[in-house]
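Take a look at the letters that make up each chain.
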Amino acid sequence: MRRLENIYRLGIKELFSLRHDIVLLILIGWSFTFAIYTAATGMSHDLHNASIAIVDDDRSQLSARIREAFLPPYFRKPEMISFGDIDPGMDDGRYTFVIVIPPKFEADVLAGRQPAIQVNIDATAMMQAGIGDGYISNILSQEIATFVNGAPSKSVYPVVLKTRYAFNPNITSS
């Protein structure tokens, strides 16, 4: 009982001395109000309205489907550019992502070959670049599988991954 009484008296003593320290009171007030609010709303972990450009050297039905698959709110409408406009556009900050579709891409896909699509990413926006890379990979995979198979492919894996969000069911960053 004596320990609790000592703790109580020391706590009261600290509170009385705190009322004279204005700077510390302001810091405590700020850290439990505005600091929490700015951390929750300041930085987004979502991909929103990302600028994207496409260099389409194939001009096929598949490349048109890929171009139309990048939809708002994640991406802006893709701009069609030439290969020589990639570096100036990314250096100026006009594009965060540039997708290069090679010539004869559709023919190679239909022939069973595995042609490569080049994705250039401006990594100065690190959070957006990392998230956007995953989105672009998924969009490209789905569109190619839908084009080849007529429906989205259903891969069979020995393990099924189910992701559940306990405290943020809408998966919004704020």
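Residues numbered from 1 in each chain as written. Predicted model: local features only at pLDDT ≥ 70, side-chain atom pairs only at ≥ 80, totals over all residues. Heavy atoms only, no water.

Caption draft 1: Broad picture of the environment of P72. By secondary structure assignment, the location of P72 is in the loop between α4 (61–68) and β2 (79–80). Residues P72 and A50, spaced 22 residues apart in sequence, show a C-alpha to C-alpha distance of 8.8 Å. (Helix = DSSP H or I, 4+ residues; strand = E, 2+ residues; numbered from the N terminus.)

Caption draft 2: Main features of the packing of aromatic side chains. Going through the model one piece at a time under the given rule, you end up with 3 aromatic pairs. Ring centres of F70 and F75 lie 5.2 Å apart, and the angle between their planes is 85°; this geometry places the pair in the edge-to-face category. The two residues F70 and F75 agree in class, both being buried. Geometrically, the ring pair formed by F75 and F97 is edge-to-face, given 6.1 Å between the ring centres and 75° between the ring planes. With F75 in the loop between α4 and β2 and F97 in strand β3 (residues 97–101), the pair connects residues that are 22 residues apart, well separated along the chain. Each member of the pair, F75 as well as F97, is classed as buried. Members of the aromatic cluster, joined through ring pairs, are F70, F75 and F97. (Phe/Tyr/Trp six-rings, centres within 6.5 Å; stacked < 30°, edge-to-face > 60°. Buried < 20%, exposed > 50% of the residue type's maximum accessible area, 1.4 Å probe, protein only.)

Caption draft 3: Structural view of a nonpolar patch on the surface. A grouping of L24, L27, I28, W30, F32, F34 and I36 is seen on the molecular surface, where their side chains present a nonpolar patch of about 750 Å² in accessible area. For the nonpolar patch, the secondary-structure elements that each account for two or more residues are α2 (22–31) and α3 (34–41). With respect to the secondary-structure elements, L27 resides in helix α2. The partly exposed category is assigned to L27, whose relative accessible area is 48%. (Patch = residues over 30% accessible without salt bridge, like charges linked within 9 Å, V, L, I, M, F, W, Y side chains within 5 Å. Areas by Shrake-Rupley, 256 points an atom, 1.4 Å probe, with all protein chains shown as cover. Salt bridge = Lys/Arg side-chain N within 4 Å of Asp/Glu carboxyl O.)

Caption draft 4: Broad picture of the pattern of salt bridges. In the structure shown here, the tally under the stated rule is 5 salt bridges. The residue E143 makes a salt bridge to R65 at a minimum N-O spacing of 3.6 Å. Of this pair, E143 sits in helix α7 (residues 126–149) while R65 is found in helix α4, placing the two residues 78 residues apart along the sequence. Taking the shortest distance from any N to any O, the salt bridge between D92 and R94 comes out at 3.8 Å.

Caption draft 5: A look at the nonpolar core. In this structure, I52, I66, F70, F75, F97, I99 and I136 are the most contacted members of the largest nonpolar core, which totals 18 residues. Within the residue set of this core, elements represented by two or more residues are β1 (52–56), α4, β3, α6 (105–110) and α7. Counting residues per element, this core draws most heavily on α7, which supplies 4 residues. The residues contacting F75, other than those within four sequence positions of it, are L47, N49, A50, I52, F70, F97, Y135, I136 and I139. If you look at the next biggest cluster of nonpolar residues, it comprises 8 residues, including A53, V55, M90 and Y95. (Core = buried A, V, L, I, M, F, W, Y, C linked by side-chain atoms within 4.5 Å. Contact = heavy atoms within 4.5 Å.)

Caption draft 6: Quick peek at the pairing of β3. Extensive coverage of β3 is indicated by the burial of 5 of its 5 residues. The side-chain alternation of β3 yields two buried faces, one formed by F97, I99 and I101 and the other by V98 and V100. Both β1 and β3 contribute to a ladder of 5 bridges, which runs parallel. Residue pairing in the sheet places D56 in a bridge with I101 of β3. (Pairing = 2+ DSSP bridges.)

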